[in-house]
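Chain by chain, the residues:
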Amino acid sequence: MTGTLEHIIEVRDMVKKFGSFVANDRLTFHVEKGEIFGFLGANGAGKTTAMRILCGLSYPSSGEIMVAGHNVYHEREKIKRKIGYMSQKFSLYDDLTVSENIRLYAGIYGLGRKEINTREAQLLERLGLTHIKNRLIREIPLGWKQKLAFSVAIFHKPAIVFLDEPTGGVDPITRRQFWEMIHDATLEGITVFVTTHYMDEAEYCDRVSIMVEGRIEALDTPAGLKQSYESRNMNEVFLKLART
Amino acid sequence: MSLILDHIDKSFESVQALKQVNFEVKEGELFGLIGPDGAGKSTLFRIMASLLIPDSGRCSMLGYDVDKEYRQVRQIIGYMPGRFSLYMDLSVEENLAFYARVFGTTIQENYDLIKDIYEQIAPFKKRLAGRLSGGMKQKLALSCALIHRPRILILDEPTTGVDAVSRREFWDMLKKIQREGITTVVSTPYMDEAELCDRVALIQKGSLLAVADPSALAEGGEKLLYSLRSGKGVYAYLDQIRQLEGCRYAWLFGDELHVTLRSAADDAGVKKVLDSWQDDSLKWESIVPSIEDRFMGLLQEESDADSEMEEGE
Amino acid sequence: MSRFFGFVKKEFQHIFRDVRTLVILFGLPIVMIILFGYVVTTEIRDVEVGIWDRSMDQASIQATQKIFSSGYFVPAGYLDREEQIGELFRSGRAKVVVVFETDFEKNLKRENRASIRLITDASDANSAQLAQNYLQGVLMNYFQSLNPDINAPWSVQVKSRMFYNEELKGVYMFVPGLMALILMLISALMTSVTITREKEFGTMELLLASPLKPREIILGKVTPYVFLSFVNALTIILLGFLVFKVPVVGSLWLLMLECMLYITLALSLGVLISTSAKTQQVAMFMSMLGLMLPTILLSGFIFPIDNMPLILQWFSSIMPARWFIVIVKNIMLKGTGFVYIWKETLILLGMTLFFILAAVKRFNVRLK
């Protein structure tokens, strides 16, 4: 199996077991290049487990999985170079400054000094953070922090960026600004793989999958899902599917 | 009044966490404190739980001052902190029994109060709390906060990070608790939950933006909010809408755009432009703002005021 | 009472469910005592000794024989001039030189006192001190056996060391010291960590918001460790007795009581640490650096207090372990009664009260 250009993530019969517990039960789906793919599910439905495998952080028990054209079994290092990752829980180092955080991540991905300098300046300019670039992360508001974290996660122009509940606890305006940033990233050709508990955010995705107890129960465009489940919004779709 | 917060100020070093926070909660009310992370919700809840003393202002619970009469306050409140704060290495049952003991009661004594909630997690009562799913943890924490039949229940962000299904169930439980006559104050960053409260306070950067019941909040302000839908998806229109003369703000809102006009008179002009875009699936209509719309409106008015002030300087 | 009992029960559940805690609680003392007992003893072996016998009479020759038959010393040469001492040391062939004065036997018989000079290469101060002590011991033994009535002309320190540890066993020194160290470490470290853990996991917030009083919280947290530390104290004594044949000469009851006092002191120190540490890591760090190192270095456990600079001697007198070691040595090795250790006991008691008061005062009923 080779990952085609159109399918940046290709998953076939992915199974992950912890002892006798099946966290991921034969997941089969693909993510198209350049789309925003919403990965929804109740707590404990197996989202995090699947995401860790796709990011090359853990091995699946079985199944064929290609991420950005690389096999998750023996090309994990290559995968890691081609992806970006951001989560609500861990994004930036609190005790480093804005600028130090950017340079740290750029350095990790092996960007040259000159490139770092110009792109750091561009990034700060675009986010309007130039005046606080020497402030510690812990001193800046959560909304700015999350926007910065996202920018850092795509600083090295990854093929895919994985976002794990990126907007938890953020105020409603910043949340929307964040999603506009996500849209902008797709214009640069970056594929976005995102989880969220805000159901209105599911509407912003091109396609959405909903996991229930380790399986993908539904996968379609938001409009398609609302039609199939005769719902007015994604919240109703989710409640119909996940409520057991 | 069950709970009175009288012009509370609280600072941590150089950061002012709360500025003149002032509201009251009536007996038996389900009161929501809505605001993003870092707005000062947790600080306010810790003051109510007698864990922090305000720099100025007064807070009283059922007439007991949280500073001087904290012992009495601690008898009558049930507190659920923002972070899951039960013992991960104790089982569900052991956690509950421990908190019952701490409050000098037993699980049996108030079992009828927690029965509905506890029965949902009872099948796992031998499981360690650390191994529960997010939703079940919340249910256990709520059971523990209720076990001594408090008169006031204060829940700091009980639904943060919890999926939509568990959140819905959790609010059903809060409604039931309310029927038992327990006054409940709950904070949340999810705007949609505000509609489930009797009254809400909107908070941002330590200041209250508004205190009202949800429907009154929605009716306040001029009717300038419109929704735009399209069969082709609305994101593509966002920038164009923002360029329009009559558009004050425009934001994504689920599968719609929510557009605030500068004045009611701008409606006709916008409609004309929309027609010229030749998309038959476009749907433009005046709507009643939700809490989230109101909150965003208040946030923007505030930031507009801030930038005007900066310009004035 | 039920409230308190519930708390203690919960605390025991924490302890018995955490393998790491159990290992530290019960494994550490056993490992340490065996390690110290077998490996890091202060026993000396085959120390090179030079002899400058200026009288060469029967007494001095016999004494020399005694030295080399003790098993600890080997001859490095016999000298006849003062300058040779320096040469011997410089070439590293000897650590100690024993000088018998002229007319040694005559003086001994006539005046009941004779002098032996012990010259030590003190470039390695510790082993020098040790070798010297051992030498004195050997010589003392010999002269005592000659005439039990003779009052030994050696220093007081030698007396206490030699009289009560006649086989010159290092373990004897180490059991009291180890007891002081382990009890301090376990009690203070464990309590400070267990209390800060509640802070770190946010459960302290719930406890504070409940009707529990600060002293109920502290007592509830500490009580299980009183029991467990006591078990530890018994384990150490038992191990000392069974493995290293260190007896308890004095009253076991008195020893137990003193142990309880010391444990209480260590626990209150742990509580005090927890009032200023926010995380388990900080608490552990403070306990290790603030308690363990000073206890090892300054209590007289390994390095003799008399050898310390004056300022460190002052420091050592605020080390609880220093006084506890004196107490334990007295009871275990000398078999003395309370009359001889009341002063040290009083010091420990005072320290305990101070720490308890400070801990309760600093323990906040609110969050900071």
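Residues numbered from 1 in each chain as written. Chains lettered and ligands numbered in written order. Predicted model: local features only at pLDDT ≥ 70, side-chain atom pairs only at ≥ 80, totals over all residues. Heavy atoms only, no water.

Undergrad: Help me understand the interface of chain C and chain B, please; the structure alone is not making it clear to me.
TA: Often, the extent of an interface is quoted as the loss of accessible area upon association of its parts. At the junction of the two partners, chain C supplies 31 residues and chain B supplies 31 residues. Contact between chain C and chain B buries roughly 2700 Å² in total, counting both sides, with carbon and sulfur atoms accounting for 56%. On the surface where chain C and chain B come into contact, there are four salt bridges. Ionic pairing is found between R197 of chain C and D89 of chain B, a salt bridge with its closest N-O pair at 4.0 Å. Every element with two or more residues in the side of chain C that touches chain B is listed here: α1 (2–17), α8 (170–200) and α9 (203–208) of chain C. Class assignment for the residues of the side of chain C that touches chain B results in 12 nonpolar, seven polar and 12 charged. (Contact = heavy atoms within 4.5 Å. Buried area = accessible area lost by both parts, 1.4 Å probe. Salt bridge = Lys/Arg side-chain N within 4 Å of Asp/Glu carboxyl O. Helix = DSSP H or I, 4+ residues; strand = E, 2+ residues; numbered from the N terminus. Nonpolar A, V, L, I, M, F, W, Y, C, P; charged D, E, K, R; others polar.)

Undergrad: What am I meant to see in the environment of L267 of chain C here?
TA: Residue and element names in this part refer to chain C. For L267, the position within the fold is in helix α11 (residues 252–276). In the structure, L267 is positioned 46 residues away from K221 in sequence and 10.0 Å away in space, judged by C-alpha atoms. Look past the residues within four positions of L267 in its chain and what remains in contact with it is S187, T191, V222, Y225 and V226.

Undergrad: I tried to follow helix α3 (residues 98–108) of chain A on my own but got confused; where do I start?
TA: Three- or four-residue spacings in an α-helix give side chains the same orientation, since the helix completes a turn every 3.6 residues. Residues and elements named next belong to chain A. Buried within α3 are the following residues: V98, S99, N101, I102, Y105 and A106. Buried positions in α3, seen along its axis, are confined to an arc of 165° and lie on one side of it. Its buried side turned inward, α3 meets α4 (113–127) and α5 (142–153). Looking one or two residues beyond α3, the residue adopting positive phi is G110, at roughly 75°. (Buried < 20%, exposed > 50% of the residue type's maximum accessible area, 1.4 Å probe, protein only. Arc of directions from axis to C-beta.)

Undergrad: Looking at this structure, I do not really get the sheet that holds strand β1 (residues 7–18) of chain A. What am I missing?
TA: Sheet strands pair by backbone hydrogen bonding; their relative direction is either parallel or antiparallel. Residues and elements named next belong to chain A. An order of β2-β1-β4-β5 is seen for the four strands of this open sheet, with the pairing classed as antiparallel. Bordering the open sheet on either side are β2 (21–32) and β5 (70–71), each of which pairs with just one other strand. Of the strands in this sheet, β1, β2 and β4 (62–67) are in contact with helix α1 (residues 47–54), which crosses β1 at around 125°. (Pairing = 2+ DSSP bridges. Axes fitted to C-alpha atoms, helices over the stretch in contact; angles between N-to-C directions.)

Undergrad: Got a minute to help me understand the side chain of R175 of chain A in this structure?
TA: One can find R175 of chain A in helix α6 (residues 172–187). Look past the residues within four positions of R175 of chain A in its chain and what remains in contact with it is T167, V170, Y198, D200 and E201 of chain A together with E292 of chain B.

Undergrad: How should helix α9 (residues 234–242) of chain A be read in this particular structure?
TA: Turning to α9 of chain A, its buried residues are M234, V237, F238, L239, L241 and A242 of chain A. Those residues of α9 of chain A that are buried are in contact with β3 (36–41), α7 (199–202), β9 (207–212), β10 (215–220) and α8 (222–228) of chain A together with α6 (164–179) of chain B. Where α9 of chain A begins, one side-chain oxygen reaches toward the backbone nitrogen of N235 of chain A, 3.2 Å away; that side chain belongs to N233 of chain A. (Polar contact = N/O pair within 3.5 Å; in protein donor to acceptor, adjacent residues only side chain to side chain.)

Undergrad: Is there a simple way to explain the domain arrangement of chain B in this structure?
TA: Residues and elements named next belong to chain B. One can read the domain layout of chain B as domain 1 (3–216) and domain 2 (221–312). Computed over C-alpha atoms only, the centres of domain 1 and domain 2 are separated by 36 Å. Counting residues at the interface gives 13 residues for domain 1 and seven residues for domain 2. Considering only the side of domain 1, the residues that lose the most area to domain 2 are M191, L202 and L209, jointly responsible for 55% of the buried surface there. The tally of links between domain 1 and domain 2 comes to zero salt bridges. At the junction of domain 1 and domain 2, the tally comes to one residue pair in polar contact (both at pLDDT 80 or more). Counting only elements with at least two residues in the side of domain 1 that touches domain 2, the list comes to β9 (199–204) and β10 (207–212). Tallying contributions element by element places β9 first for the side of domain 1 that touches domain 2, with four residues. Considering only residue class, the side of domain 1 that touches domain 2 consists of 10 nonpolar, two polar and one charged. (Domains from an automatic or database assignment.)

Undergrad: Please explain the nonpolar core as it appears in this structure.
TA: Among soluble globular proteins, nonpolar side chains are generally buried collectively. M48, M61, L142 and I154 of chain B are the most contacted members of the largest nonpolar core, which totals 155 residues. Looking at this core element by element, the count peaks at 14 residues for α11 of chain C. With 68 residues, the next largest nonpolar core counts M86, M181 and I210 of chain A together with L244 of chain B among its residues. (Core = buried A, V, L, I, M, F, W, Y, C linked by side-chain atoms within 4.5 Å.)

Undergrad: Would you explain the sheet that holds strand β11 (residues 225–229) of chain B in this entry?
TA: All names here are of chain B. Overall, antiparallel pairing links the four strands, which are arranged β12-β13-β11-β14 in an open sheet. Each edge of the open sheet is held by one strand with a lone partner, namely β12 (247–253) and β14 (283–286). Direction aside, the axes of adjacent strands within the sheet are offset by 25° on average. As paired strands, β11 and β14 are joined by four bridges and run antiparallel to one another. The residue of β14 that forms the bridge with S227 is E285. Docked against the sheet, helix α9 (residues 266–276) engages β11, β13 (256–261) and β14, running at close to 170° with respect to β14.

Undergrad: Whenever I open this one, the side chain of T191 of chain C confuses me. Can you help?
TA: All names here are of chain C. By secondary structure assignment, the location of T191 is in helix α8. Residue classification places T191 among the buried residues on the basis of a relative accessible area of 0%. Leave out the neighbours within four places in its chain, and T191 touches I186, V222, Y225, L267, G270 and V271.

Undergrad: So what exactly am I meant to see when it comes to the pattern of salt bridges here?
TA: Opposite charge on two side chains makes pairing possible when the charged atoms of those side chains draw close. Scanning the model with the defined rule gives 47 salt bridges over all chains in all. A salt bridge links E180 of chain A to R242 of chain B, with the nearest nitrogen and oxygen atoms 2.7 Å apart. Taken together, the residues span two chains, with E180 of chain A in helix α6 and R242 of chain B in helix α8 (residues 238–243). Ionic pairing is found between R151 of chain B and E27 of chain B, a salt bridge with its closest N-O pair at 3.8 Å. With R151 of chain B in the loop between α5 (134–146) and β7 (152–155) and E27 of chain B in the loop between β2 (15–25) and β3 (30–34), the pair connects residues that are 124 residues apart, well separated along the chain.

Undergrad: I'm lost on the packing of aromatic side chains in this one. Help?
TA: The geometry of an aromatic ring pair is captured by the separation of the ring centres together with the interplanar angle, meaning the angle of the planes. Scanning the model with the defined rule gives 23 aromatic pairs over all chains in all. Consider the rings of F23 of chain B and F31 of chain B, whose centres lie 4.9 Å apart with planes at 10°: the pair is stacked. When its relative accessible area of 0% is taken as the criterion, F31 of chain B is described as buried. Considering the side-chain rings of Y226 of chain B and W284 of chain B, the 4.8 Å spacing of their centres and the 5° angle between planes classify their relative orientation as stacked. With Y226 of chain B in strand β11 and W284 of chain B in strand β14, this pair connects stretches of sequence that are 58 residues apart. Residues Y226 of chain B and W284 of chain B agree in their burial class; the two are buried. Put simply, the rings of F29, F37, F39, F162 and F193 of chain A pair up and form one aromatic cluster. A cation sits over an aromatic face here: R119 of chain A above F155 of chain A, 4.8 Å from the ring centre. The side chain of R366 of chain C reaches across the aromatic face of Y70 of chain B, ending 4.8 Å from its centre. (Phe/Tyr/Trp six-rings, centres within 6.5 Å; stacked < 30°, edge-to-face > 60°. Lys NZ or Arg CZ within 6 Å of the ring centre and 35° of its normal.)

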